[in-house]
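Structural overview
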Amino acid sequence: MSETVLEAKHITKVYGNAGEESATKALNGVDIKVEAGDFVAIMGPSGSGKSTLVDILSGITKQTSGTVTIGNRQIESMSPSEMALFRRRSLGFVFQEFNLLDSLTIKENIVLPMVLDKKSSDAMETKANEVMSLFGIREVGHKYPYEVSGGQQQRAAVSRALMNDPVIVFADEPTGNLDSKSSNAVMNCFKTMNEEKNTTILMVTHDVFAASFCKKVIFIKDGRITLTADKKGTRKEFFSHILDCQAVVGGESDEI
Amino acid sequence: MKFRDVAIKNFKQNMRNYSAYFLCSCFTIMLFFMYTTLLFNDAVGNNESLDALTYVFPITIVAIGLFSVFFINYAHQIFMKGRNKEFGIYMTLGMNQSDLKKQVLIENLIISVGSLITGIVAGLLFSRLFQMIILNLLDVDGIEFQLSFRPFICTILTYVLIFGIVLWNTNRKLDKVDIGTLIQDARKKEGREYKRKDSILGIIGVLGMILSVVIVLVLAKNDRMNSNPLLLGGYVVISFTSVYLVLAHGGNALIHRVKNSRGYLGNLLTVNQIHYKFERNKNIIFILSILSTMTIFLVASPFSLVNVTKSIVLIDPYNLEFTRGKGVNEVSDQKMNEIINAVDLEKKTTVPFLTATETMGENTFYKPVLSESSYQQLSGKVLELKDGEAIHLILDWTPGTHGMQKNETWEVTLGGQKEIISLLESERFAWYISSLGSDAMIVVSDEMFERLSKAADEDSAYTFFAIQYKDWENSKEMVEQLKAEIDQKKTASIQYPVDSSVLEYQDLNTRYFYL
């Protein structure tokens, strides 16, 4: 039986003062379990609570109630400095934007987590070359973010998320700003990460194409999990299955 | 690679952000240093004609200090705000708040020390020129430039305190920072979308700027208004707010209009270039506009304050006024002339006056009475009064008619002599006179004065001396000598004080200081 990497129980999130009319319930009793080596996508229409959920699971936002456990550690009970250390050593992040520092080269951006962890230069060099080669961006390592394409930037962000061998990588709309070719390249990076490094990935997306790379898709609507789809067959078949599920759950067709 | 290398690379990249903060700090430090150099110049402190400055400079220096707290803090907050993305990335990668604070502390130390050194060096370079300009404006010669260690210590201590306050405030904000907010802030586009309120607020800003120009013109011409702190404070608020509204909202509205105009596509590159530059630099433009206003204000204020004080004192054309009578300010003619002639005289006016009671119904006043020719001697104005006619002249600043109104008939009594006077006028005299012993005086025709003089005894007959000096600012010693002589005879009078421009000037400056 595989090990549970992330477990969230009865997660609720209310914006505003609970009980007041103006309060908005973004999440309403969500339970979720992610096993080691999973590659999970969370999908749902705009405003369904998917980004809020991943923010809570990664410790960026605090939930109103419920518990989140990552690698046997309950994150809400951690102090800010414990959480910072935990984030540095055990979590990886990839965002739609807000990823790379313009002042640093691609390679320097990638090694940043190890710099913060005061690792040796040799270790940084070896690891950076390894992940950059894995994701095909070694030749642009010396360039600055504004000198490379959006897809290469995002692959650099994916590389950086892997630098400290995290327990789990969180990705929020990683292909949101990319064209289909770059999206394909980035999603292949995630796939490689998952298959070759056995990294657990939890990704929020509204892109069915991106979701079809995952092993499992969780559908969320109005703050609740409404459906779960496991990958069976080829990616193309899974793509069709996700489309069917989306039709059942209900969402906007132009979000595909 | 170490974190220090990352910080240095970021520092270089953010040079534009840093430079605004750095230059603001340098500029205020330079200004502060120049003022303290002048304040701590012993020659300025010992020069009596610069007494006013020794009161005005500390006020100006405190004003620059307070302004620096606001200004450096504002520049620093803008600087920090532009770094949300950087801090957000650090925090998602596991940097904790204390590491962030450490980085901010190191950067601030570099900027603070750098701007202190640059500001003081720039201050050193310009302080000699600054002193020359100020002393030239004030028309003072013979002050040597002097540099002691005191301005250095004063500047360094003040700005260490100010940077400490700014850093404390930043640390307080960093304590509250969380990744969620940083991510949201960083996602916001640079510049804002146009909203309808931008046009309205922009127009309010433009109207506010026009209004502030009008207020300045009105205030400049109206002595009563320009001494009203509420009006002045209101003016400062209106002018700063309107500059902010024009930059923050008016600029956005104007660019929106241009982008929706017909010729936009033809000038697309130029318009967008301007828009981009404006969005990136509008905070700096706002800071610079306030800074330049403050600089002009702070450099001009000692000069204008000294000038205002002088102009108030010189409303009275005479530089020394005093009354002499039996038991009042007694001093022999010989001694008096010896003392008052010690300084070069321009004009000396001596007029006799009487103190009589004026009665109408139940109202009785005790007022000085002068003849029309004395009045003419004193004021240079010609009066043609018939026997029995008189005018009432108010001698102090308190409002009202002081009991006597135009067209009234009064009975004047002096030593048994009774005269009926008819008031042609009751108005304010051209300047305030405190040494006539009353809040107002009566001017009667020469014939009536003659009759009253004959009836007066020596207790009610006085002489009023009014003297103009060529160089009144150097008359302090003479005035003090005259007062000492009077004191020696124990005839100094509270009712009839010796009034001098030089002491009034000093007194006014002292009051400014306490204000």
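Attention here is on the structure that accompanies the text. (Residues numbered from 1 in each chain as written. Chains lettered and ligands numbered in written order. Predicted model: local features only at pLDDT ≥ 70, side-chain atom pairs only at ≥ 80, totals over all residues.)

Considering the overall build of chain A
- Along the backbone of chain A there are eight helices and ten strands.
- The proportion of buried residues among the 256 residues of chain A is 48%.
- Considering only contacts in chain A between residues 6 or more positions apart, those separated by 24 or more positions represent 70%. (Helix = DSSP H or I, 4+ residues; strand = E, 2+ residues; numbered from the N terminus. Buried ≥ 20, exposed ≤ 12 C-beta atoms within 10 Å, placed from the backbone. Contact = placed C-beta atoms within 7 Å.)

Notes on the sheet that holds strand β9 (residues 216-221) of chain A
All names here are of chain A.
- Spatially, six strands are ordered β6-β7-β8-β3-β9-β10 in an open sheet, and the strand pairing comes out mixed. Of all strands in the sheet, those bounded by a partner on one side alone are β6 (91-95) and β10 (224-230). Within the sheet, the average angular offset between the axes of one strand and its neighbour, ignoring direction, is 20°.
- For strand β3 (residues 39-43) and β9, the ladder comprises four bridges, and the chain directions are parallel. Each residue of the ladder has a partner; that of Ile42, found in β9, is Ile218.
- Lying over the sheet, helix α1 (residues 50-57) contacts β3, β7 (168-172), β8 (200-204) and β9, oriented at roughly 145° with respect to β8. (Pairing = 2+ DSSP bridges. Axes fitted to C-alpha atoms, helices over the stretch in contact; angles between N-to-C directions.)

Quick word on unusual backbone geometry
Residues and elements named next belong to chain A.
- Of note, the phi angle at Asn72 is positive, near 70°, even though the residue is not glycine.
- Along the polypeptide, Asn72 turns up in the loop between β4 (65-70) and β5 (73-74).
- Overall, the presence of 10 C-beta atoms within 10 Å leaves Asn72 in the exposed class.
- With a phi close to 45°, Asp165 is a non-glycine residue in the positive phi region.
- As for its placement among the helices and strands, Asp165 is situated in the loop between α5 (150-162) and β7.
- The class for Asp165 is exposed, based on 11 C-beta atoms found within 10 Å.

Quick notes on the sheet that holds strand β2 (residues 24-35) of chain A
Residue and element names in this part refer to chain A.
- Reading across from one edge, β2-β1-β4-β5 is the order of the four strands in this open sheet, with antiparallel pairing throughout. In the strand order of this sheet, the two ends are held by β2 and β5, each with one partner.
- Bridging between strand β1 (residues 4-15) and β4 involves five bridges; their strand directions are antiparallel. In the sheet register, Lys9 faces β4, and the bridge partner there is Thr67.
- Against the sheet, α1 contacts β1, β2 and β4, and its axis sits at roughly 125° relative to β1.

So, the interface of chain B and chain A
- If you look at the interface, chain B gives 23 residues, while chain A gives 24 residues.
- Listed by contribution, the elements that provide at least two residues to the side of chain B that touches chain A are α1 (3-13), α5 (84-92) and α8 (179-187) of chain B.
- The greatest single-element share of the side of chain B that touches chain A, amounting to six residues, is contributed by α1(B).
- Here the side of chain B that touches chain A is built from residues that sort into nine nonpolar, eight polar and six charged. (Nonpolar A, V, L, I, M, F, W, Y, C, P; charged D, E, K, R; others polar.)

Comments concerning the packing of α5(A) against helix α6 (residues 180-196) of chain A
All names here are of chain A.
- In contact at an axis separation of 8 Å, α5 and α6 are set at 15° when each is read in the N-to-C sense. Here α5 is positioned roughly parallel relative to α6, judged by the angle of their axes. Along this stretch, α5 crosses α6, giving a crossing that reads as right-handed. Facing Gly150, Gly151, Gln154, Arg155, Val158 and Leu162 of α5, the residues of α6 in contact are Ser182, Ala185, Val186, Cys189, Phe190 and Met193.
- Split into classes, the residues belonging to the contact of α5 with α6 amount to seven nonpolar, four polar and one charged. (Parallel < 35°, antiparallel > 145°, perpendicular 65-115°, else oblique. Left-handed = near helix turned anticlockwise from the far one by under 90°.)

Observations concerning the nonpolar core
- Core analysis: the largest hydrophobic core is formed by 86 residues, its most contacted members being Val40(A), Val158(A) and Leu202(A).
- Formed by 48 residues, the second largest nonpolar core is a distinct cluster that contains Phe353(B), Leu385(B), Trp410(B) and Val502(B). (Core = buried A, V, L, I, M, F, W, Y, C linked by C-beta atoms within 7 Å.)

Quick notes on the pairing of β3(A)
Residues and elements named next belong to chain A.
- A large share of β3 lies buried, amounting to five of its five residues.
- Neither face of β3 is left uncovered, since the one carrying Phe39, Ala41 and Met43 and the one carrying Val40 and Ile42 both have all their residues buried.
- The pairing of β3 with β8 spans four bridges and is parallel. Within the sheet, the bridge partner assigned to Ala41 lies in β8 and is Met203.

Notes on helix α8 (residues 235-249) of chain A
Residues and elements named next belong to chain A.
- Given a rise of 1.5 Å per residue, 15 residues ought to cover 21 Å, and the 20 Å separating the end C-alpha atoms of α8 matches this to within 8%.
- Every buried residue of α8 is listed here: Phe238, Ile242 and Gln246. With its buried residues spanning 85° around the axis, α8 presents them on a single face. Opposite its buried face, α8 presents the exposed residues Lys236, Glu237, Asp244, Ala247 and Val248, each directed more than 90 degrees away.
- Looking at the buried positions of α8, the neighbouring elements they touch are α7 (208-211), β9 and β10.
- A positive phi of about 95° marks Gly250, the residue just after α8. (Expected span 1.5 Å × (residues − 1). Arc of directions from axis to C-beta.)

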